[in-house]
Amino acid sequence: MGYAIETIYFLTAVLFIVGLQRMSHPTTARSGIVWAGYGMVLATVVSFVHPQIQAGPGNYALMVIAIAIGGAIAWWGAKKVAMTAMPQMIAIYNGMGGGAAAAIAAVELLKVHAHPLPISTLIMAVAGALIGAVAFSGSVVAFGKLQELKFFKDDAKFRFTGQQKVNAAVFAAAVVLGLVIALTHSSNGALITVFFLLALAFGAMMALPIGGADMPVVISLFNAFTGLAVALEGFVLGNSAMIIAGIIVGSSGTLLTLMMAKAMNRSVANVLFSNWAALGSGEAQAVTGSLKPMEPPDAAIQMAYASKVIIVPGYGMAVAQAQHKIWEMCKLLIERDVTVKFAIHPVAGRMPGHMNVLLAEAGVPYDLIFDMDEINEEFSTADVALVIGANDVVNPAARTDKASPIYGMPILNVDHAKNVQVIKRGKGVGFAGIENALFFADNTRMVYGDAQKVAAGMIQGIKDLG
Amino acid sequence: MEVMKQVVEFFSPIYILMLAGFLGYEIISKVPVILHTPLMSGTNFVHGIVLVGAMVALGQAVTPLEQAIGFLAVLLGAGNAVGGYFVTERMLEMFKSSKGQEK
């Protein structure tokens, strides 16, 4: 039996790897997740007859019930969620994985008196428990923040002086207690409970003061954490599928976290241990000039007679649910032989790639969508750059103004285009709370209003041309 | 011979660790930015394999407390796997080329 199960686990690991590999290209991505899905089903089914399971039918019944309930809730949630809410959904599912890893460790630790484990295994169990519990509570907080639940809304409320020291102390206490549990082979319920409470508290305390804009990096980090926790518990149980899958997620998640942080021009440490307000010193450069408004039909005519238009979508577009209307407008432009391209900043939307998902949902083909590095040179040859609900990612202050909190962040060179149109709800400042010199430039026109209505106005404008 | 066997047994998990670590790094480093969110979601699904560990843990549970925690572990693990799968699939389903070559 053992050989049969290990063979299936081996096959699962292969399916996961092939699946992830296929997921890394748009044409094969869909089939990638299906491959990985087959692996998961296989592994789950054979685990029912795992030789390490020795208990009676009661536990089997519990297993089936737990899978049914957990699976049904998750399935329902995954089907219902709006594409804009995807990042927090990923966060909550990730938290569940971390929690599961921590719970496995809890069971193993409670059983130590009956089934002694070597010290090295116990240390891995405790480490996995700590990391998993942190990923769990941290992910729940991340979910709350992105879902904009009232309790989590005010980041400043959770900041206090000496916070880093308090967090460090809680973490140190959890580590020490974990070591005590491992080294003394303790099955002491009270000790284990306090250990888990400390770990959970640390995860929440780590995530609470971090602002919503930085959450993607944090979610990605917790994703890597969960992978690591799963791998550690895999070592404890001697489960090769868990070890391989966990390590792959741990390493790929770590790299993804670093890439995201880099795209935001911040280090991971900076995201975790500081906040926007504390960044940037001195007076910001004064912005001169005036905002020049433009009506949607006029903007449409400018685009209709252009030869190349680059669209720069931001989260504002997604909030207004304008992506369908915008694509409808783009199709009209394409019919008029206008070259239309979409330029995506790495942090557009709430996560790298999130904007691509939102555009894909509206039906925009992915070969019209370009990364910042691919398209930045092209702005100088564009007749019109249309910015929709994006602000900080097109702010030239990132290049020139050393006092600006976004100084150094790579931006889209929208200001190099011959004409710039900006669709914006109102005259307010962006997420980082700074004025945008682009909006005051001579070649920039502001199209005020709800992005969806503006897009409708533009469509009408193009149609009126005949 | 016996010593050699022990050495191999000691090192094989370390080899797995190293190879799997590099593999994860390689897979992600080739991914275009447009797929970062779905891929993060995909890796999130992959660690849903914690479900099988949770099943084993519940299977070994004896006391009611162990059973309760094991039950929680399976519940959470199933949520991770099922939810992770469907959100990833929903996202990837939407990626289409303008040339209409879907797969």
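Conventions used here
- Residues numbered from 1 in each chain as written.
- Chains lettered and ligands numbered in written order.
- Predicted model: local features only at pLDDT ≥ 70, side-chain atom pairs only at ≥ 80, totals over all residues.
- Heavy atoms only, no water.
- Axes fitted to C-alpha atoms, helices over the stretch in contact; angles between N-to-C directions.
- Helix = DSSP H or I, 4+ residues; strand = E, 2+ residues; numbered from the N terminus.
- Parallel < 35°, antiparallel > 145°, perpendicular 65-115°, else oblique.
- Left-handed = near helix turned anticlockwise from the far one by under 90°.
- Contact = heavy atoms within 4.5 Å.
- Nonpolar A, V, L, I, M, F, W, Y, C, P; charged D, E, K, R; others polar.
- Salt bridge = Lys/Arg side-chain N within 4 Å of Asp/Glu carboxyl O.
- Buried < 20%, exposed > 50% of the residue type's maximum accessible area, 1.4 Å probe, protein only.
- Core = buried A, V, L, I, M, F, W, Y, C linked by side-chain atoms within 4.5 Å.
- Pairing = 2+ DSSP bridges.

Novice: How do you make sense of the packing of helix H5 (residues 119-146) of chain A against helix H6 (residues 163-183) of chain A when you look at a structure like this?
Specialist: Think of two packed helices as two axes; the pair is described by the angle between the axes and how far apart they sit. Residues and elements named next belong to chain A. At a minimum axis distance of 9 Å, the contact between H5 and H6 shows a crossing angle of 150 degrees. The orientation of H5 relative to H6 falls into the category roughly antiparallel. In this structure, H5 crosses over H6, and the sense of that crossing is right-handed. Mapping the contact onto sequence places Ile119, Leu122, Ile123, Val126 and Leu130 in H5 and Phe171, Ala174, Val175, Gly178, Ala182 and Leu183 in H6. Its residues placed into classes, the contact of H5 with H6 shows 10 nonpolar, one polar and no charged.

Novice: What should I look at first to understand the pattern of salt bridges in this one?
Specialist: When the charged atoms of two side chains lie near each other, side chains of opposite charge can form a pair. All names here are of chain A. In total, this model carries seven salt bridges over all chains according to the counting rule given. Ionic pairing is found between Glu328 and Lys325, a salt bridge with its closest N-O pair at 3.8 Å. Within this pair, Glu328 and its partner Lys325 are both found in helix H13 (residues 323-335), separated by three residues, close to a single helical turn. We classify Glu328 as partly exposed; its relative accessible area is 32%. A residue is classified by how much of its surface remains accessible, and Lys325, at 27% relative accessible area, is partly exposed. Residue Lys418 pairs with Asp383 through a salt bridge whose shortest N-O separation is 3.6 Å. Here the residue Lys418 occupies a position in the loop between helix H16 (397-400) and strand E5 (419-424), and Asp383 occupies one in the loop between helix H15 (372-375) and strand E4 (384-388), the gap between them amounting to 35 residues. Connected through shared salt-bridge partners, Lys308, Lys341 and Glu378 make up one network.

Novice: How should the nonpolar core be read in this particular structure?
Specialist: What tends to happen in soluble globular proteins is that the nonpolar side chains get buried as a cluster. Residues Ile311, Ile326, Met329, Phe342 and Met458 of chain A together with Ile49 of chain B are the most contacted members of the largest nonpolar core, which totals 171 residues. A per-element tally of this core places helix H4 (residues 86-110) of chain A first, with 16 residues. Setting aside residues no more than four positions away along its own chain, Ile49 of chain B makes contact with Thr12, Phe16, Met40, Ala43, Val230, Ala241, Met242 and Ala245 of chain A. Counting residues in hydrophobic clusters, the runner-up holds 26 residues, among them Ile310, Val394, Val414 and Ala417 of chain A.

Novice: Help me out: how do you make sense of the sheet that holds strand E3 (residues 369-371) of chain A in this one?
Specialist: In a beta sheet, neighbouring strands are held together by backbone hydrogen bonds and run either parallel or antiparallel to one another. All names here are of chain A. Pairing is parallel in the open sheet, where six strands are placed in the order E3-E2-E1-E4-E5-E6. The sheet is open, and its two borders are formed by E3 and strand E6 (444-448), each paired with just one other strand. Going from strand to strand, the sheet's axes swing by 25 degrees on average, the running direction of each strand aside. Where strand E1 (residues 308-313) lies against E4, five bridges are found, and the strand directions are parallel. Of the residues in E4, the one forming a bridge with Val312 is Val387. Helix H11 (residues 296-304) rests against E1, E4, E5 and E6 of the sheet, and its axis sits at about 145 degrees to E5. Packing against the sheet, H13 makes contact with E1, strand E2 (339-344) and E4, and its axis sits at approximately 145 degrees to E2.

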